[in-house]
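So the chains spell out like this:
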Amino acid sequence: MKFTKFGLMAAAIGVFGLSACSGQNSEQASNDAVLRIGTEGAYAPFNFTNPDASLGGFDIDIAQALCDKMQTKCEIVAQDWDGIIPALKTGKFDAIVSAMSVTPERSEQVDFSQPYYINSLVFLAKNQSNFDPTSAKAIESAKIVAQRSTISSQWLTQTYPNSKPQLYDTLDNAFIDLGNGRADAMISDKLPALTWLKSDIGKGFEIKGGDIDINDKIAVAVDKGNDELLQKINTALDAIKADGTYKQIVIKHFGEEGMPQGME
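The structure reproduced in this document is the subject of the present report. Computed from a predicted structure; not experimentally measured.

Digging into the environment of R36
Tracing the backbone through its elements, the reader meets R36 in strand β2 (residues 34-39). The spacing of R36 and D94 is 58 residues in sequence and 5.2 Å in space, taken between C-alpha atoms. Discounting chain neighbours no more than four positions away, the residues touching R36 are E75, G91, K92, F93, D94 and A95. Polar contacts involving the side chain of R36 include one to the main-chain carbonyl oxygen of K92, which spans 3.3 Å.

Have a look at this one:
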């Protein structure tokens, strides 16, 4: 969600000329055919920024595979999360591939492809912590950290309206404060949480309770009314699932256990 270590710098807004095509399809792609894709670059293992400023992660490989099937080139644009939909709508890029959950609110602003991943949420806390995620009282009295404008923070405040989470611009910063003891617990997407638990700062922490199934579907977003591009993306998604490319990408980043049910 290859797991990279956390402590990544917040992604600077910029364009990274990553070629999405390889092999014969790359040679056939038109020099004028470029698909600009926005991603956060700070949400490992879905997307992250490497020390050399290149982008990596599950979303990046999915975007590249889609461009390959569409016989076009990709330009990956790193964009702060809070501004990613406005940037799409002002034409900074053509599509968002950034672990974006499909929600009714977002669907009023953008159109979504078919899902390319299904997500669940988890609570994290120190191993010896008595934090009980099944207790509303415990959740509402605890200092919980999360990333703002995400399905995690939205679920927490909607399900437990008396909770008062500390929200951060990036997931990385929320993990840092949890690891440094400035929070009692954290709520996060499951795969980034599993990644963090493997890091040095994540040692001594664990998932508390079971997975929180919220039917969270992750999809590619395009601007409202861009039906032609949306159809091409859906066709490309079908193609990478049919030829095994999708499964290879999932296993590369998440292992066999990371394959979502019904998306083989």
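What follows picks up the thread again.
Describing the sheet that holds strand β5 (residues 55-56)
Paired through backbone hydrogen bonds, the strands of a sheet run either parallel or antiparallel to each other. Here we have three strands laid out as an open sheet, ordered β3-β4-β5, and antiparallel in their pairing. Here the strands that pair on one side only, and so sit at the sheet edges, are β3 (42-43) and β5. Bridging between strand β4 (residues 47-49) and β5 involves two bridges; their strand directions are antiparallel. Among the inter-strand pairings, F48 is bridged to a residue of β5, identified as G56.

A few points about the side chain of S163
Assignment of secondary structure puts S163 in the loop between α6 (151-159) and β10 (166-168). Look at S163 and you get buried, because its relative accessible area is 9%. Within the local environment of S163, its side chain forms a polar contact with the backbone oxygen of Y160, the two atoms lying 2.6 Å apart. If sequence neighbours within four positions are ignored, S163 has contacts with I139, E140, L156 and T157.

Procedures and definitions
- Residues numbered from 1 in each chain as written.
- Predicted model: local features only at pLDDT ≥ 70, side-chain atom pairs only at ≥ 80, totals over all residues.
- Heavy atoms only, no water.
- Helix = DSSP H or I, 4+ residues; strand = E, 2+ residues; numbered from the N terminus.
- Contact = heavy atoms within 4.5 Å.
- Polar contact = N/O pair within 3.5 Å; in protein donor to acceptor, adjacent residues only side chain to side chain.
- Pairing = 2+ DSSP bridges.
- Buried < 20%, exposed > 50% of the residue type's maximum accessible area, 1.4 Å probe, protein only.

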